[in-house]
2 protein chains.
Amino acid sequence: MGQSAREEPKWRRRAESRPDEILDAALVTFEKDGFDAARVEDVAKKAKLSKAGVYLYFDSKDAILRGLIEREVAPVARNLRAVAEAGMDDPAGALQRVAAAFTALVNDKRKLAVPRIVLSVAARYPDIAQYYRENVLEQGLSAIVALIEAGVAKGVFRPCDPGIAARMLFGPIFVHGLYTHFLHGDPGPLSPAERVKAHTDILLKGLLASR
Amino acid sequence: MGQSAREEPKWRRRAESRPDEILDAALVTFEKDGFDAARVEDVAKKAKLSKAGVYLYFDSKDAILRGLIEREVAPVARNLRAVAEAGMDDPAGALQRVAAAFTALVNDKRKLAVPRIVLSVAARYPDIAQYYRENVLEQGLSAIVALIEAGVAKGVFRPCDPGIAARMLFGPIFVHGLYTHFLHGDPGPLSPAERVKAHTDILLKGLLASR
DNA sequence: TTTAACTAACTGACCAATGAGTCATATACT
DNA sequence: AGTATATGACTCATTGGTCAGTTAGTTAAA
């Protein structure tokens, strides 16, 4: 039994990469069990260190969740915003591109797990809810609102409430993701790209100013 | 101190009304704390009996959640279905009425808490997820799908994927509810009725066959 | 180039709190 | 008297978080 090679150390120092490894592990664990039922010990095991090791890098379990929001979702919101802002001169086209980008995000079950968890713990961690609202939702929402308003100003879109229009863009895609990923609902016959097209077809026809 | 009146019994038998009282209490408690953080003891206290008393009527904590789904949400889905079926000869009008009914449901924070909780525990209680999907979501969804298909068959709506259209009806309303109730997002300037109107204006214009 | 002293990274074993579920017993009703 | 209904006090598994002690890597004196 006793392996002669006494070379392998019991553990290695990897202070640089630990935070990311812990977040990777936490994402998988939280997605599977939800925030409350997920055990820090399991996160640690998946990240290949001890539970106490996790607490070297994060002050608490909810700090891990905060880290997850920052790393996983906030960049996506910034990206959506960039796509929207880059297309202010072609609102209809930009709308489609935003829909496609958001669909790609929502198709990623793991990324979608973060908003689901935020939603479920929002009441108990008001600061997490606030952070998420300000840095994710309001970012994405306001970008689209600006896009719609630009379209209306240009006369491309007919006058409408931009907040409603924005929810009509994000809402259906988001609930489709929740329904299929977490309730195991039937995704339907369409491919993601076809869904984007079917969706934006209806939405744009509803928005566009008939000549 | 010693009240002479020895009339008041320490508790009363109320086997008939207990289950509903427990569900009332559970709805409030689950809404506030979420399923995991909610304590059965608190539910019991709010229902004015002991924790052990709760277990006389429900086998487990998750049985309470199941009871909540049955009592709170399944009837709503049936109602939505009825509204849709009653309006098969006027698809556009029925769509608006369904949107209004769903908006009313979603405006009720307490009722909306049930789907939020189902979503958060779906992975750990697959039977709850399945029950919810089959008895709530698929009910509502299929009713609207039928309505859209009827509209397309009549030539009132232009051809489209009815699943997408149905998600465009429910999605924006649902996410608006989540956003305002649980993330404390800005509900915007419109009243619920105005939101329904703005929403269905765009949706119907997107769906209606231009003469 | 050794090697000893030093520090940062890490672990195992632990604690304290928590909360679901149980049960022996008591009380209200019939 | 008998039974359905209710309770308080309990068990017991779970788990977030801590800490004393250990090891990997680093620095610099010898």
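What you see is a predicted model, and the numbers here were worked out from it, not measured in a lab.

Chemist: Please clarify how the nonpolar core should be interpreted in this entry.
Modeler: A general feature of soluble globular proteins is that nonpolar side chains tend to end up buried together. Residues Phe-30 and Leu-95 of chain A together with Phe-30 and Leu-95 of chain B are the most contacted members of the largest nonpolar core, which totals 145 residues. Viewed by domain, this core spans two of them, domain 1 (13-58) and domain 2 (68-207) of chain B, each represented by three or more residues. Excluding its chain neighbours within four sequence positions, the residues that come into contact with Leu-95 of chain A are Leu-147, Ile-148, Phe-157, Leu-169, Leu-203, Leu-204 and Leu-207 of chain A.

Chemist: What exactly am I supposed to notice about the confidence of the model for chain A here?
Modeler: Do not read the predicted coordinates in detail wherever pLDDT is low. Predicted confidence across chain A gives a mean pLDDT of 95, with 96% of residues reaching 70 or more. Here residues 1-5 of chain A scores under 50 on pLDDT; set against residues more than four positions off or in separate chains, the count is zero contacts.

Chemist: Is there a simple way to think about the protein's contact with DNA strand C in this case?
Modeler: Around DNA strand C, 25 residues are found, and the nearest of them are Arg-13, Arg-18, Ser-50 and Tyr-57 of chain A together with Lys-51 of chain B. Of all atoms in DNA strand C that approach within 4 Å of the protein, 62% are sugar or phosphate atoms. Within the backbone of Lys-61 of chain B, a nitrogen or oxygen atom sits 3.1 Å from a phosphate oxygen of DNA strand C. Those elements that place two or more of their residues in the surface near DNA strand C are α3 (51-57) of chain A together with α3 (51-57) of chain B. For the surface near DNA strand C, the leading source of residues is α3 of chain A, giving four residues. Grouping the amino acids of the surface near DNA strand C by side-chain chemistry returns twelve nonpolar, three polar and ten charged.

Chemist: Any chance you could explain the relation of the copies chain A and chain B here in plain terms?
Modeler: Think of it as a corkscrew move, a rotation about one axis and a shift along it, taking one chain copy to the other. You can overlay chain A on chain B at an RMSD of 0.1 Å; the transform is a turn of 180 degrees with a shift of 0.0 Å along its axis. Here the transformation between the copies is reduced to the relation of a two-fold axis. Rotation axis and chain A: the residue whose C-alpha lies nearest the axis is Gly-206 of chain A, separated from it by 1.9 Å. When you check the interface residues of chain A against chain B, 100% turn up at the interface there too, and the contact is symmetric in its surfaces.

Chemist: Teacher, can you tell me more about the pattern of salt bridges here?
Modeler: A side chain with one charge can pair with a side chain of the opposite charge if their charged atoms come near. Within the structure shown, the criterion is met by 32 salt bridges over all chains. With its nearest N and O atoms 3.6 Å apart, the salt bridge here joins Lys-111 of chain B to Glu-72 of chain B. With Lys-111 of chain B in helix α6 (residues 109-121) and Glu-72 of chain B in helix α4 (residues 61-86), this residue pair connects regions lying 39 residues apart in the sequence. Relative accessible area serves as the criterion here: at 10%, Glu-72 of chain B is assigned to the buried category. In this structure, Arg-133 of chain B and Glu-138 of chain B form a salt bridge, with 3.6 Å as the shortest nitrogen-oxygen distance. Given a relative accessible area of 15%, Arg-133 of chain B falls into the buried group. Among the charged side chains, a salt-bridge network with shared partners connects Asp-20, Asp-24, Arg-71, Glu-72 and Lys-111 of chain A.

Cut-offs applied
- Residues numbered from 1 in each chain as written.
- Chains lettered and ligands numbered in written order.
- Predicted model: local features only at pLDDT ≥ 70, side-chain atom pairs only at ≥ 80, totals over all residues.
- Heavy atoms only, no water.
- Core = buried A, V, L, I, M, F, W, Y, C linked by side-chain atoms within 4.5 Å.
- Buried < 20%, exposed > 50% of the residue type's maximum accessible area, 1.4 Å probe, protein only.
- Domains from an automatic or database assignment.
- Contact = heavy atoms within 4.5 Å.
- pLDDT = per-residue confidence, 0-100.
- Near = heavy atom within 4 Å.
- Polar contact = N/O pair within 3.5 Å; in protein donor to acceptor, adjacent residues only side chain to side chain.
- Helix = DSSP H or I, 4+ residues; strand = E, 2+ residues; numbered from the N terminus.
- Nonpolar A, V, L, I, M, F, W, Y, C, P; charged D, E, K, R; others polar.
- Least-squares fit on C-alpha atoms with pLDDT ≥ 70 in both.
- Salt bridge = Lys/Arg side-chain N within 4 Å of Asp/Glu carboxyl O.

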